[in-house]
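Architecture and fold: a report
So the chains spell out like this:
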Amino acid sequence: IISSSTRVNSIMFSFLMHSTTWFTIFILVPSGQKQFLELEVNNDEHNFQSTGSIIHIPNSRIFYAEMKNYTKLFKYKWNEIEIKVNIDCDLDEVKNKIYDILANNEVLKKIPNKMNKQLNTNGEYRIYYNKLTPIIYTYLNEKYIKLNVRYLVHPKKTRNIENDIYEEILKLNKKGEFPLYVEKA
């Protein structure tokens, strides 16, 4: 049961937030831009694909709610995919094959140069990355080697790029040229 004082506090907070927001937006935001609309992106941490829905965001939320923007300042985000390989594989050869797949992807090979230009021309937020090209991190498990492949990608192209990488790995695995780990029943 919620006490009446808690309800009153909640109502007062809501009233003050909405009133202050409305007043601020009315005074500071140019006419015709009095509402905030965003393209909805699914909540899957790996894909960030647009659902195609437009979401209306109440004006007061811009002051007290956390919002993520994947395209405003930097057009790219770091994405990681996991690949499991046999523990007895030639790890250098496997990594080289993955790097080749990434280097031959038409979308991915252009991103480091574009990102470098973006970072160097943006004076508002100075962020320094030492390495903008893909990198593979290695983890050892008792049954397999887990490789986390990290690369820059445009948020709207994440799913397509992941699909392309996995399909190339599966093609190599089918030819016997990639030691993909498969759990045995």
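Before reading further, recall that the structure is shown in the block above.
In short, a report on the structure. Small disclaimer: the values here were computed from a predicted structure and weren't measured.

1. Digging into the overall build of the chain
Helices and strands together make up the secondary structure of the chain, namely five helices and five strands. The linear arrangement of helices and strands in the chain, starting from the amino end, is α-β-β-α-β-α-α-β-β-α. Within the chain, buried positions represent 30% of all 185 residues.

2. Notes on the environment of K143
Positionally, K143 belongs in the loop between β4 (135–140) and β5 (144–153). On the accessibility criterion, K143 (44% relative accessible area) is partly exposed. When the C-alpha atoms of K143 and E183 are compared, they prove to be 8.8 Å apart, with 40 residues separating the residues in sequence. Apart from residues lying up to four places away in sequence, K143 is in contact with I87, Y181 and E183.

3. Some words on the packing of aromatic side chains
Considering all chains together, one arrives at one aromatic pair under this definition. Between the aromatic rings of Y144 and Y181, the centroid separation amounts to 4.8 Å while the plane-to-plane angle is 40°, which identifies the pairing as tilted. Of this pair, Y144 sits in strand β5 while Y181 sits in the segment after α5 (158–174), and the two are 37 residues apart along the sequence. As far as burial versus exposure is concerned, Y144 and Y181 are alike and both buried.

4. Some points on the sheet that holds β4
Across the sheet, which stays open at both edges, the three strands sit in the order β3-β5-β4 with antiparallel pairing between neighbours. Two strands lie at the open edges of the sheet, namely β3 (77–86) and β4, each paired on one side alone. With strand direction ignored, the average angle separating the axes of adjacent strands in the sheet is 25°. In the sheet, β4 pairs with β5 via six bridges, with the strands oriented antiparallel. Each residue of the ladder has a partner; that of T138, found in β5, is L147. Strands in contact with helix α3 (residues 91–103) are β3, β4 and β5; relative to β5, the strand with the most contacts, it is inclined by about 25°. Against the sheet, α5 touches β3 and β5, its axis set at about 20° to β3.

5. Observations regarding α5
The terminal C-alpha atoms of α5, which comprises 17 residues, lie 24 Å apart, in line with the 24 Å expected from a rise of 1.5 Å per residue. Those residues of α5 lying buried are T158, I161, E162, I165, I169 and L172. Looking down the long axis of α5, one finds its buried residues gathered within 100° of arc, a one-sided arrangement. Seen from the open side of α5, the exposed residues pointing more than 90 degrees away from its buried face are N160 and K174. Tucked inside the fold, the buried residues of α5 contact β3, α3 and β5.

6. Let's talk about a nonpolar patch on the surface
Among the surface-exposed residues, M12, F15 and L16 lie close enough to one another that they form a single nonpolar patch of about 320 Å² accessible area. Inspection of the secondary structure assignment puts M12 in helix α1 (residues 4–28). Take M12: its relative accessible area is 44%, and that puts it in the partly exposed class.

Procedures and definitions
- Residues numbered from 1 in each chain as written.
- Predicted model: local features only at pLDDT ≥ 70, side-chain atom pairs only at ≥ 80, totals over all residues.
- Heavy atoms only, no water.
- Helix = DSSP H or I, 4+ residues; strand = E, 2+ residues; numbered from the N terminus.
- Buried < 20%, exposed > 50% of the residue type's maximum accessible area, 1.4 Å probe, protein only.
- Contact = heavy atoms within 4.5 Å.
- Phe/Tyr/Trp six-rings, centres within 6.5 Å; stacked < 30°, edge-to-face > 60°.
- Pairing = 2+ DSSP bridges.
- Axes fitted to C-alpha atoms, helices over the stretch in contact; angles between N-to-C directions.
- Expected span 1.5 Å × (residues − 1).
- Arc of directions from axis to C-beta.
- Patch = residues over 30% accessible without salt bridge, like charges linked within 9 Å, V, L, I, M, F, W, Y side chains within 5 Å.
- Areas by Shrake-Rupley, 256 points an atom, 1.4 Å probe, with all protein chains shown as cover.
- Salt bridge = Lys/Arg side-chain N within 4 Å of Asp/Glu carboxyl O.

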